[in-house]
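# Fold and contact review
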Amino acid sequence: MARRHNLYLVANMPDHQPCPLKTSPSSSCPFDGHWQFNTNVVFRSDGQLVARYHKLNLYYEQEFDTPPQPEIITFDTPFAGRFGLLVCFDILFHEPTISLVERGVRQLIFPTAWMNALPLLDSVQFQRALSLGANVTLLAANLRFNQQRMTGSGIYTPFSATYHHARKGDLEEGRLLVARIPVLDPLWVGQSMATEEPSSSQATDSGHCHQGSCFQPPTPVSPSTPTFISYMQRDPYTFVLLNETEGKLNVCYGTFCCHLQYRQLPEGNSKELYALGAFAGTHKVNGSYVLQVCALVRCAGLETSSCGQEVEEAETKMDFLLEGKFGTRYVYPSVLASHMVLEQPEHLEKTADGRMTMKHSNMTGGLVTACLYGRMYHLDPKRP
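In what follows, the accompanying structure is described. Not measured: the values here are computed from a predicted model.

Definitions and cut-offs
Residues numbered from 1 in each chain as written. Predicted model: local features only at pLDDT ≥ 70, side-chain atom pairs only at ≥ 80, totals over all residues. Heavy atoms only, no water. Helix = DSSP H or I, 4+ residues; strand = E, 2+ residues; numbered from the N terminus. Buried < 20%, exposed > 50% of the residue type's maximum accessible area, 1.4 Å probe, protein only. Contact = heavy atoms within 4.5 Å. Areas by Shrake-Rupley, 256 points an atom, 1.4 Å probe, with all protein chains shown as cover. Pairing = 2+ DSSP bridges. Axes fitted to C-alpha atoms, helices over the stretch in contact; angles between N-to-C directions. Polar contact = N/O pair within 3.5 Å; in protein donor to acceptor, adjacent residues only side chain to side chain. Patch = residues over 30% accessible without salt bridge, like charges linked within 9 Å, V, L, I, M, F, W, Y side chains within 5 Å. Salt bridge = Lys/Arg side-chain N within 4 Å of Asp/Glu carboxyl O. Lys, Arg positive; Asp, Glu negative; His and termini not counted. Charge placed at Lys NZ, Arg CZ, Asp CG, Glu CD. Core = buried A, V, L, I, M, F, W, Y, C linked by side-chain atoms within 4.5 Å. Domains from an automatic or database assignment. Phe/Tyr/Trp six-rings, centres within 6.5 Å; stacked < 30°, edge-to-face > 60°. Expected span 1.5 Å × (residues − 1).

When its secondary structure is counted, the protein shows four helices and 21 strands. For the protein, the residues scored as buried account for 52% of the 384 residues in total. Considering only intrachain contacts with a sequence separation of at least 6, the fraction spanning at least 24 residues in the protein is 66%. About 18300 Å² of surface is accessible on the protein, with carbon and sulfur atoms providing 51% of the total.

This is the structure we're talking about:
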């Protein structure tokens, strides 16, 4: 296909590789003397195989093995320079995603079988957030499989997004996306978002302990701003309600705090409940990784217990400024509107002391989620 159509082709497939049979307890070679990896292969325009990447971060993939060493794989093209490879769950972890960015790679290719997880990790939502937060181009190709809620692919640069997200009732079929995008210059050392992380003691000051097991309990900002706990993607967020049409709010999880200035623009007679949430801790369900998150979400109902549940539609538009002081430079911003429409934040600003600000107005649809999703890679549990 690559040779016939004179193009570079990336495909995801299994790779069966021989390995030395176990000679020590630490050997990872299976009993049959073969590894089987979840693999990206790359063919250039003359049909030659030029790259192969084995997925590191498996997600309930019993049929595949974890490679004995992390692989940081790139390939070069004559038309757009260097590309890096990752697969699905890899996108949430330092290896290989951030290691590629640290090496100046600004164009990433991302085959995935992503199960959408609103309100923070819908496919196109996080694809866009990664592109913005890491300042890279991301080519994302998701499976279309309705039973597993798999849909949503796109071509993203730091300043544009060409994407498709199927809706309920759409035919289960593929969609070809084509976009003309600029070639991003490689990052010089120091330009990347991936600069040195704070020490363990600094991280503790931000509401963390080194092992992620001694987080301070959530505390109210003031007696006049009551908070409540509700679970979002199985994590206990501290929330505060947006009870007025406009105002300013703070909410903290331990010493990690989020700030919001907002003005609601309700449509018609709709009654919708919104809440500002904060979380700082180790996410432990379907993977283990450390987060700091500020999220403005539409609640599923009018009860506080519905805040953090999945919502796809909203009518209330919002002008807002969302801000947090993070213990990491790896913060991924997103604005998701009704019917899975992505909005480009009007203004993003990151300061040297870790403060991240996202400002947005003139929404085209009702607000579902506005999120600053911080990843504390340096505090993640160590790989066995």
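Having seen it, we continue.
Taken in spatial order, the five strands make up an open sheet running β12-β13-β16-β20-β19, and their pairing is antiparallel. The open sheet terminates on both sides in strands that have one partner only, identified here as β12 (246-253) and β19 (347-350). If you compare each strand with its neighbour and ignore which way they point, the axes differ by 10 degrees on average. When β12 meets strand β13 (residues 256-265), the two strands line up antiparallel, connected through eight bridges.

Here the focus is the side chain of Thr112. In this fold, Thr112 is placed in strand β6 (residues 107-112). A distance of 3.4 Å separates a polar atom in the side chain of Thr112 from the backbone nitrogen of Trp114. Setting aside its immediate chain neighbours within four residues, Thr112 contacts Cys88, Ala141, Asn142 and Leu143.

Glancing now at a negative patch on the surface. Taken together, the side chains of Glu267, Glu312, Glu313 and Glu315 present a region of like negative charge at the surface. By secondary structure assignment, the location of Glu267 is in the loop between β13 and β14 (274-283).

Buried within helix α2 (residues 94-102) we find Pro96, Thr97, Ile98, Ser99, Leu100 and Val101. Next to the buried residues of α2 lie β3 (49-54), β4 (74-77), β5 (81-85), β6, α3 (123-134) and β17 (331-337). Looking one or two places after α2, you find Gly104, whose phi comes out positive at around 85 degrees.

Relative to the helices and strands, Val87 resides in the loop between β5 and α2. Classification of Val87 by relative accessible area gives buried; the value is 3%. Excluding anything up to four places from it in sequence, Val87 contacts Asn12, Asn38, Asn40, Tyr53, Lys55, Phe110 and Pro111.

The biggest cluster of nonpolar side chains holds 88 residues, and the ones touching the most others in it are Phe320 and Tyr373. For this core, the element with the most residues is strand β15 (residues 289-298), which contributes seven residues. No fewer than three residues from each of domain 1 (2-164) and domain 2 (227-379) sit in this core.

Attention now moves to the pattern of salt bridges. This model, assessed by the stated rule, comprises 10 salt bridges. Between Asp46 and Arg44 there is a salt bridge, with its nearest N and O atoms 2.8 Å apart. Taking relative accessible area as the criterion, Asp46 reaches 41% and is therefore assigned partly exposed. Residue Arg44 is classed as partly exposed on the basis of its relative accessible area of 33%. Asp76 is paired through a salt bridge with Arg82; the nearest N and O atoms lie 2.7 Å apart. According to the relative accessible area criterion, Asp76 is partly exposed, its value standing at 44%. Arg82 sits in the partly exposed class, given a relative accessible area of 44%.

Quick look at the pairing of strand β16 (residues 317-325) now. Burial of β16 is extensive: seven of the nine residues sit out of reach of the surface. In the sheet, β13 pairs with β16 via eight bridges, with the strands oriented antiparallel. Looking at β16, one finds that Leu260 is bridged to Leu322.

Here the focus is the packing of aromatic side chains. One pass over the structure, following the stated rule, counts 17 aromatic pairs. Measuring from ring centre to ring centre gives 6.5 Å for Phe110 and Trp114, while their planes differ by 65 degrees; the resulting arrangement is edge-to-face. Both residues of the pair, Phe110 and Trp114, belong to the buried class. For the ring pair Tyr330 and Tyr377, a centre distance of 4.9 Å and an interplane angle of 85 degrees mean the geometry is edge-to-face. Residue Tyr330 is found in the loop between β16 and β17, and its partner Tyr377 is found in the segment after β21 (367-375); the two are separated by 47 residues along the sequence. On the basis of relative accessible area, Tyr330 is assigned to the buried category, the value being 1%. The class for Tyr377 is buried, based on a relative accessible area of 7%. One aromatic cluster is present, formed by Tyr59, Tyr60, Phe89, Phe93 and Tyr289 through successive ring pairs.

The next point concerns α3. The end-to-end C-alpha distance of α3 is 17 Å, a good match for the 16 Å that 12 residues give at a rise of 1.5 Å each. Of all 12 residues that make up α3, 12 are buried, and the element is covered over most of its length. Along α3, the residues classified as buried are Ser123, Val124, Gln125, Phe126, Gln127, Arg128, Ala129, Leu130, Ser131, Leu132, Gly133 and Ala134. Where α3 begins, the capping side chain belongs to Asp122, and its oxygen is found 3.4 Å from the backbone nitrogen of Val124. At the exit of α3 stands Asn135, carrying a positive phi of roughly 60 degrees.

The subject of this paragraph is the sheet that holds β17. Within a beta sheet, neighbouring strands are joined by backbone hydrogen bonds and run either parallel or antiparallel to one another. Read across the sheet, seven strands follow the order β10-β11-β14-β15-β21-β17-β18 without closing on themselves; strand pairing throughout is antiparallel. Each end of this open sheet is capped by a strand with a single partner; those strands are β10 (228-232) and β18 (341-342). For strand β11 (residues 235-241) and β14, the ladder comprises four bridges, and the chain directions are antiparallel. When the sheet's bridge partners are listed, Thr238 is paired in β14 with Ala278. Contacts between α3 and the sheet are confined to β17, β18 and β21, with β17 contributing the most and set at about 140 degrees to the helix.

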